[in-house]
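Structural overview for review
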Amino acid sequence: MSDKSTIPFGPQHPVLPEPIHLKLVVEDEKVVEAYPAFGFVHRGLETLAQKKDFNQMVYVVERVCGICSCMHGQDYCEAIEELMGVQVPVRAEYLRTIWAELHRIHSHLLWLGLFADAFGFENLFMQTWKIREKIMDILEATSGNRVIISVNIVGGVRKDINSEQAKWILKELDDVEEQLKDINDVVMNNYTVKERTVGIGVLTKEEAYELGATGPMAKGSGVDLDLRTTGYAAYKYLDFEPIVEKDGDSYARNLVRMREIFQSIDLIRQALSKMPEGDINVPVKGNPPAGEVISRLEQSRGEVVYYIKSNGTKFLDRLRIRTPTFANIPALLKILPGSQLQDVPVLILTIDPCISCTER
Amino acid sequence: MIVNSREVEISNLKSEVKKYHDGGYRFVTETCLNLEDKFKIIYTFAIGYDLENIHIITDGKNVPSVSDIYSCALAVENEIKELFGVEFDGLAVDFGGDFMLGESSPISPQADIEIIRREKGGKNE
């Protein structure tokens, strides 16, 4: 005979990097229902758009989330630029792409470390974070900051990468790639990793699409959507294909992120080799005209959607940010029921949750 | 993308959303805006990489939930309910105000108009 129990999971839990609370209804060791609760770090950043002018808001959106910081700033700036009819210089497009891909690498490596830690593979955690430090060094050397690099402005970027820095970045990326190849073998073939991920948390392609999943969560289920292929920033000048896996389990999502790291290295190499000389920003005068715009780009965790309504003044009427983790919550709620309690940490981390983004 | 959203009557909302669902569109999000004494809710759908938007104008009461058509809409509708005080009829899962805000949080903090939805007692702050 089995009884149902309700177990609180989080907001403070050893495997959770950020506060999310789940009420798990379990029958013996099997999860039968899951109810989420957020709000522990809700900051109301969207409402600041009515109090800070549209240029100051770049700094605000960069603080929606540290790990996606650069891409939040980029998407916001691209939205304002579209509203104002501003065309940024081609070199700025390349620079935005390079910094965005560096962020994708360090985000995926951070996630991989946390994921490994969630199932007790601490050595993998330490190795991935050691490699990630090289990327953080590149960010610091090129922008002056490690995490919130604040390079995007409306009209382009505020920092440049000179040829000496470009050579050094390429050398560092060679080292990163070499070390990643060792880890790649572990992630793909290690018994412990496969035991804890293969067949765990399966989300079919149809379910992923129906539930609005995005990023590696959707790509791991065979949904072939990657906004970079629409050609924003400098992606229109680069050769790449979206990375898609078909099995829809935690292992497949793992593979997508791992392969995306190698893809990002390739994209940075392409961008550095093709980046033309020229200005890095254009002067932007006046306020955004009245109007509404939606801008999207592919963050490490998936599609981020910025909606902006301007009233013609320097303050925006409305800023709304639909973050990828928010879009992946329904998918998480889909894969939790039916899982074993021991797999809950793995399943939560498999969506690469960013609660800071989700709550804004 | 400059937003070109089409207004639909609230009475037609679900049938319009159903058309998008049956047409293979994925649900992207809902966005709530304050108007003077009403709310505008924009529904965004995507097929491939293309977006389409429709919107309704509402006083915030008895808005039909589309979470029975797109179950993933329940997250954003719970958020709008808490942040703006908009009432949705037929929410697939109603988190009762505990989804995005805590017990001591302000009520409907993003709403310009005062709509008090007390479900746990206490006063509007």
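This structure is a prediction, so every number in the text was calculated from the model and none was measured.

As for the overall build of chain B
When helices and strands are counted, chain B shows two helices and six strands. Element order for chain B, N to C, with α for helix and β for strand: β-α-β-β-β-β-α-β. Residue burial in chain B is summarised as follows: out of 125 residues, 51% are buried. Across chain B, contacts joining residues at least 24 apart in sequence account for 49% of those joining residues at least 6 apart.

Notes on helix H2 (residues 73–84) of chain B
Relative to the 16 Å expected for twelve residues at 1.5 Å per residue, H2 of chain B spans 16 Å between its end C-alpha atoms, a close match to the ideal helical length. Burial within H2 of chain B is extensive, with twelve of its twelve residues counted as buried. Among the residues of H2 of chain B, those classed as buried are Ala73, Leu74, Ala75, Val76, Glu77, Asn78, Glu79, Ile80, Lys81, Glu82, Leu83 and Phe84 of chain B. Contact partners of the buried residues in H2 of chain B: strand E8 (316–322), helix H10 (324–335) and helix H12 (355–359) of chain A together with strand E2 (26–34), strand E3 (39–47) and strand E6 (88–89) of chain B.

Focus: the packing of helix H3 (residues 90–118) of chain A against helix H4 (residues 122–143) of chain A
Residue and element names in this part refer to chain A. In the contact formed by H3 and H4, the axes pass within 8 Å of each other and the chain directions differ by 160 degrees. By the angle between their directions, the pair H3 and H4 is classed as roughly antiparallel. You can see that H3 and H4 cross each other, and the crossing is left-handed. Along the contact surface, H3 presents Trp99, Leu102, His103, Ile105, His106, Leu109, Leu110, Leu112, Gly113, Leu114, Ala116 and Asp117, while H4 presents Glu122, Leu124, Phe125, Thr128, Trp129, Ile131, Arg132, Ile135, Met136, Ile138, Leu139 and Thr142.

Describing the state of the cysteines
Taken as a whole, this structure holds zero disulfides over all chains when the rule is applied. With no disulfide partner, Cys70 of chain A has as its closest neighbouring cysteine sulfur the one in Cys77 of chain A, 9.7 Å distant. Free of any disulfide, Cys72 of chain B has its nearest cysteine sulfur in Cys32 of chain B, 18 Å distant. Judged by relative accessible area, which is 6%, Cys72 of chain B ranks as buried.

Structural notes on the packing of H4 of chain A against helix H5 (residues 163–189) of chain A
Residues and elements named next belong to chain A. Between H4 and H5, whose axes approach to 10 Å, the crossing angle comes to 165 degrees. Classified by the angle between their axes, H4 and H5 sit roughly antiparallel to one another. Both H4 and H5 take part in a crossing whose hand is left-handed. Contact with H4, carried on its side by Leu124, Gln127, Thr128, Lys130, Ile131, Lys134, Ile135, Asp137, Ile138, Ala141 and Thr142, involves Gln165, Trp168, Ile169, Glu172, Leu173, Asp175, Val176, Gln179, Leu180, Ile183, Val186 and Val187 of H5 and no other residues of that element. Taken together, the residues of the contact of H4 with H5 sort by class into 13 nonpolar, five polar and five charged.

Observations concerning the UniProt feature "domain: NADH:ubiquinone oxidoreductase 30kDa subunit" (unreviewed entry) in chain B
Taken from the UniProt record, the annotation "domain: NADH:ubiquinone oxidoreductase 30kDa subunit" (unreviewed entry) applies to residues 16–90 of chain B. For residues 16–90 of chain B, the end-to-end C-alpha separation is 17 Å, with 25% helix and 41% strand making up the annotated structure.

Considering the sheet that holds strand E7 (residues 302–310) of chain A
Residues and elements named next belong to chain A. If you walk across this open sheet you meet the three strands as E6-E7-E8, and the pairing is antiparallel. Either end of the sheet is taken by a strand with one partner, and the two such strands are strand E6 (291–299) and E8. The mean angle between the axes of side-by-side strands here comes to 15 degrees, regardless of whether they run parallel or antiparallel. Of the pairings in the sheet, the one linking E7 to E8 comprises six bridges and is antiparallel in character.

Notes on the interface of chain B and chain A
Between chain B and chain A, the contact holds 39 residues from the first and 36 residues from the second. If you look at where chain B meets chain A, you find three salt bridges. Note that Arg320 of chain A is salt-bridged to Glu79 of chain B, the shortest N-O span being 3.1 Å. The tally of links between chain B and chain A comes to eleven residue pairs in polar contact (both at pLDDT 80 or more). Elements with a contribution of two residues or more to the side of chain B that touches chain A: E2, E3, strand E4 (50–58) and H2 of chain B. Among the elements that take part in the side of chain B that touches chain A, E2 of chain B stands out by supplying eight residues, more than any other. Per-class residue counts for the side of chain B that touches chain A are 24 nonpolar, nine polar and six charged.

Focus: the pattern of salt bridges
Residue and element names in this part refer to chain A. Counted under the stated rule, the structure contains 32 salt bridges over all chains. We note a salt bridge from Asp175 to Lys134, for which the minimum N-O separation is 3.8 Å. Residue Asp175 is located in helix H5, and its partner Lys134 is located in helix H4; the two are separated by 41 residues in the primary sequence. You can call Asp175 partly exposed: its relative accessible area is 30%. As a salt-bridge pair, Lys219 and Glu298 come within 3.3 Å of each other at their nearest N and O atoms. Separated by 79 residues along the polypeptide, Lys219 in helix H8 (residues 216–219) and Glu298 in strand E6 bring together distant segments of the chain. By relative accessible area, Lys219 is classed as buried at 1%.

Calculation criteria
Residues numbered from 1 in each chain as written. Chains lettered and ligands numbered in written order. Predicted model: local features only at pLDDT ≥ 70, side-chain atom pairs only at ≥ 80, totals over all residues. Heavy atoms only, no water. Helix = DSSP H or I, 4+ residues; strand = E, 2+ residues; numbered from the N terminus. Buried < 20%, exposed > 50% of the residue type's maximum accessible area, 1.4 Å probe, protein only. Contact = heavy atoms within 4.5 Å. Expected span 1.5 Å × (residues − 1). Axes fitted to C-alpha atoms, helices over the stretch in contact; angles between N-to-C directions. Parallel < 35°, antiparallel > 145°, perpendicular 65-115°, else oblique. Left-handed = near helix turned anticlockwise from the far one by under 90°. Disulfide = S-S within 2.5 Å. Nonpolar A, V, L, I, M, F, W, Y, C, P; charged D, E, K, R; others polar. UniProt positions renumbered as here; feature names shortened; annotations may be inferred. Pairing = 2+ DSSP bridges. Salt bridge = Lys/Arg side-chain N within 4 Å of Asp/Glu carboxyl O. Polar contact = N/O pair within 3.5 Å; in protein donor to acceptor, adjacent residues only side chain to side chain.

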